[in-house]
Amino acid sequence: MKNLDVFLIFLAIRIASVFLVQTYFVPDEYWQSLEVAHNLVYKYGYLTWEWSKGIRSYIPPLIIAFLYKILNLVGLDTAEVLIFSPRILQAVISSFSDLHFYKWSGTKKWAVFCLATSWFWFYTASRTLINTLECSLTTIALSLFPWPGKNIEDNSKFIWVAAFLFVIRPTCAIVWIPLCICHLLINKEDSFSVIIQRYVPIGLSVLCVSITIDSLAYGRFLITPYEFLKFNLFQDIGAFYGVQPWHWYLSTGFPAILGIQFLPFFMACLVVLKNRSNHPNELVILGTMVFTLAVYSVLPHKEFRFILPLLPLVFYVSSRFLSSWSRKASTAGVWVVAAVIFFGNAMPAWYLGMVHQRGTLDVMKPLREIAQKDPNNTHFLFLMPCHSTPLYSHLHVNVTTRFLTCLPNFNNVEGYIDEADHFYFSPIKWLRQYYPPNGVLPSHIIIFDNLEPFVKDILTRYKLLHQFFHTDVPLSSRIGKNVLVFEKVL
Ligand SMILES: *[C@@H]1O[C@H](CO)[C@@H](O)[C@H](O)[C@H]1NC(C)=O
């Protein structure tokens with residue numbers, strides 16, 4: 001297939017996903033990117049503690065802010081455009097990385113098929129998550145890596161991309177440490193001179209530029225990768241957001257993000273391990289994956305999206321296996337396998353992309369209309385787990401909002417619980433404290449339906465305005481099947 005055709009196929013799929021994937025995944029998609037960009041351009045937007053402590057690089061939100069600014073200058077910055085345009089931008093970046101994957105894995109049709117049908121990549125490739133950008137850049141760096149037998153002479157390009165990745169997402173080091181060691185071992189030049197002549201100058205240049213940008217954006221001297229490591233490793237803030245057993249990636253995370261494609265990958269691993277001498281690159285890739293999963297398994301806080309950058313590695317191994325298998329297989333066999341992979345991915349892509357957890361996004365449209373109509377008298381109170389919905393990036397009106405926060409225990413206070421815990425422990429007490437009956441009440445209250453019986457007191461002064469389906473399977477006791485919007489009755 002021609003490169004342009006492959007690019008256009010991927011572009012069509014990724015752009016389609018911008019409109020087909022209509023569900024809420026994780027808070028960071030909005031709160032660590034769009035909200036920050038909105039704050040940069042429009043001077044309102046909620047900055048979470050990550051931004052006051054300076055543990056994130058401003059470079060990714062600056063890219064979105066640049067887009068917002070252009071839209072603002074040409075007068076196209078309606079809320080809908082601000083919501084969709086960053087996703088379209090990420091979709092284009094993801095399509096480029098998909099094309100790089102195609103070239104890297106040997107321009108095989110199965111490479112296109114595996115990547116195009118992957119439910120998890122379909123679900124995430126057009127989201128404004130740092131992990132999505134990380135996965136695209138990882139794929140591009142992998143395609144520039146001087147793999148044995150690939151005749152890639154220039155071996156510094158990938159170092160530039162990996163260095164950039166490190167400054168925006170320090171945890172990418174977990175994937176790149178084994179790959180860089182491998183690079184030093186397979187290199188014809190002396191390792192020491194490669195480090196001195198390439199790694200150090202490239203790393204330092206990228207670091208200097210990023211420190212300059214971040215220090216300007218934060219208004220103080222700051223090395224964000226260092227702050228990130230300080231909070232996540234030394235202070236173990238990550239554990240505040242949940243602790244999973246050590247085997248979670250092996251038993252849940254990794255099989256789930258692969259879905260049905262776990263089977264060809266597993267078979268490919270067997271073939272690679274049996275004929276080790278024929279698959280030097282695959283062995284390096286499997287080693288990298290084992291190392292990455294091992295390190296992530298040791299870290300207490302685990303999430304699906306953290307291992308997203310392993311997908312290109314998985315599909316490199318399994319697509320090459322499938323294409324050598326299909327050369328010997330019957331046509332009918334190939335079609336059956338392709339159909340099983342396609343439908344096995346279509347199910348989770350449809351359910352998780354269109355059904356599961358859509359209410360907290362759907363609710364933003366009526367809230368925006370309320371805010372636009374009467375901004376001065378609008379006050380939204382979100383009685384939900386922190387960051388359950390997007391905020392100003394989707395409202396695009398500077399109205400008063402209040403939501404339950406979930407700040408980690410920065411000062412190691414004994415028996416610390418966050419605001420959301422306080423609220424759920426006793427909703428009535430919390431409401432009496434912040435919204436006494438004779439004080440000013442919010443104009444609208446947004447809750448999950450299962451909270452309704454616990455806040456009946458305050459709701460006697462409200463009427464139900466909207467109800468949105470959220471999910472059939474709430475993932476925690478604080479999440480309900482529907483999202484409700486109540487309006488104060490005057
Ligand atoms: C947004 O609203 C808040 C609270 O009313 C106000 O303090 C702030 O100056 C406003 N920001 C902008 C950019 O209008």
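From a predicted model like this one, the values you see are computed outputs, not experimental measurements. (Residues numbered from 1 in each chain as written. Predicted model: local features only at pLDDT ≥ 70, side-chain atom pairs only at ≥ 80, totals over all residues. Heavy atoms only, no water.)

**Topic: the nonpolar core**
As a reminder, the rule being used: Nine residue types can take part in a nonpolar core, namely buried Ala, Val, Leu, Ile, Met, Phe, Trp, Tyr and Cys, and a core is a set of them joined through side-chain atoms within 4.5 Å. When accessible area is computed with a 1.4 Å probe and restricted to protein chains, residues below 20% of their type maximum are described as buried, those above 50% as exposed, and intermediate ones as partly exposed. Residues are treated as being in contact if the distance between any of their heavy atoms lies within 4.5 Å.
Core analysis: the biggest nonpolar cluster contains 81 residues, and Trp 176, Phe 254, Phe 265 and Met 289 have the highest contact counts within it. Here Phe 254 is in contact with Tyr 249, Phe 262, Phe 265, Met 289, Leu 293, Ile 307, Leu 310 and Val 314, once residues within four sequence places are set aside. Listed in part, the 34 residues of the second largest apolar core include Val 41, Leu 71, Leu 82 and Leu 367.

**As for the domain arrangement of the chain**
Here is the rule: Here the limits of each domain have been adopted from an automatic or database domain assignment. Summed over both partners, the accessible surface that disappears when two parts come together, traced with a 1.4 Å probe, is what is meant by buried area. A pair is scored as a salt bridge if a Lys or Arg side-chain nitrogen falls within 4 Å of a carboxyl oxygen belonging to Asp or Glu. In protein, a polar contact means a hydrogen-donor-capable atom and an acceptor-capable atom, both N or O and within 3.5 Å, with residues adjacent in sequence counting only if both atoms are side-chain atoms; elsewhere, any N or O pair within 3.5 Å suffices. Helix numbers and strand numbers start at the N terminus; a helix is a DSSP run of H or I with at least 4 residues, a strand a run of E with at least 2. Under the grouping applied here, Gly and all other residues not named as nonpolar or charged are polar, the nonpolar ones being Ala, Val, Leu, Ile, Met, Phe, Trp, Tyr, Cys and Pro and the charged ones Asp, Glu, Lys and Arg.
Domain parsing of the chain yields domain 1 (3-354) and domain 2 (359-488). For domain 1 and domain 2, the distance between their C-alpha centroids amounts to 33 Å. Here domain 1 meets domain 2 over a buried area of about 2,300 Å², counting both sides, of which 69% is carbon and sulfur. Contact with domain 2 buries area across many residues of domain 1, yet Trp 31, Tyr 44 and Phe 240 alone supply 26% of it, more than any other trio. Notably, a salt bridge pairs Glu 80 with Arg 368, separated by 3.2 Å at the nearest N-O pair. Put simply, domain 1 and domain 2 have 11 residue pairs in polar contact (both at pLDDT 80 or more) between them. For the side of domain 1 that touches domain 2, the secondary-structure elements that each account for two or more residues are helix H2 (28-42), helix H3 (49-53) and helix H5 (79-104). A total of six residues in the side of domain 1 that touches domain 2 trace back to one element, the largest contributor, which is H2. Grouping the amino acids of the side of domain 1 that touches domain 2 by side-chain chemistry returns 18 nonpolar, seven polar and four charged.

**Thoughts on the packing of helix H6 (residues 109-117) against helix H17 (residues 331-355)**
Short version of the rule: To get an axis, fit a line to the C-alpha atoms, keeping to the stretch in contact for a helix; angles then go from 0 to 180 degrees between the N-to-C directions. Small angles under 35 degrees read as roughly parallel and large ones over 145 as roughly antiparallel, with 65 to 115 read as roughly perpendicular and the rest as oblique.
One can describe the packing of H6 onto H17 by two numbers: an axis separation of 9 Å at closest approach and a directional angle of 25°. Considered as vectors, H6 and H17 are oriented roughly parallel to each other. Along its contact with H6, which presents Trp 110, Phe 113 and Thr 117, the element H17 presents Val 334, Val 337, Ala 338, Ile 341, Phe 342 and Asn 345.

**Overview of the site of the ligand**
Defined as follows: Nearness is defined per residue: one heavy atom within 4 Å of the molecule or strand is enough. The protein chains shown are the only cover counted for residues, whose accessible areas, like all others here, come from Shrake-Rupley with a 1.4 Å probe.
Close to the ligand lie Tyr 42, Lys 43 and Asn 398. Between an oxygen atom of the ligand and a side-chain N or O atom of Asn 398, the distance comes to 2.5 Å. In isolation the ligand exposes 370 Å². Once the protein is present, 30% of that is buried.

**Some details on the layout of surface pockets**
This is how it is decided: Cavities and pockets are defined on a 1 Å grid built over the protein atoms alone: a cavity is a set of grid points where a 1.4 Å probe fits but cannot escape, while a pocket is an open set with protein on both sides within 12 Å along at least five of seven lines, and lining residues are those with an atom within 4 Å of any such point. Grid points are joined across faces, edges and corners, and a volume is the space filled by probe spheres set on the points.
Taken as a whole, the second largest pocket encloses approximately 400 Å³ of empty space. Lining the second largest pocket are 21 residues, and of these Gln 22, Ile 83, Phe 84, Leu 361 and His 394 sit closest to its centre. The set of elements that each furnish at least two residues to the lining of the second largest pocket consists of helix H1 (3-20), H2, H5, helix H18 (359-362) and helix H19 (364-373). Take the lining of the second largest pocket: its biggest share by element is four residues, from H5. Its residues placed into classes, the lining of the second largest pocket shows nine nonpolar, four polar and eight charged. Two domains each donate at least three residues to the lining of the second largest pocket, and these are domain 1 (3-354) and domain 2 (359-488).

**Remarks on empty space enclosed by the protein**
Applying the stated criterion across every chain yields a total of three cavities of 30 Å³ or more. Surrounding the largest cavity, 27 residues form its lining, Ser 33, Pro 60, Leu 129, Ile 130 and Leu 133 being those nearest its centre. Where the lining of the largest cavity is concerned, the elements lending two or more residues are H2, helix H4 (59-73), H5, helix H8 (130-144), helix H9 (157-168) and helix H12 (224-234). Taken together, the residues of the lining of the largest cavity sort by class into 17 nonpolar, six polar and four charged.

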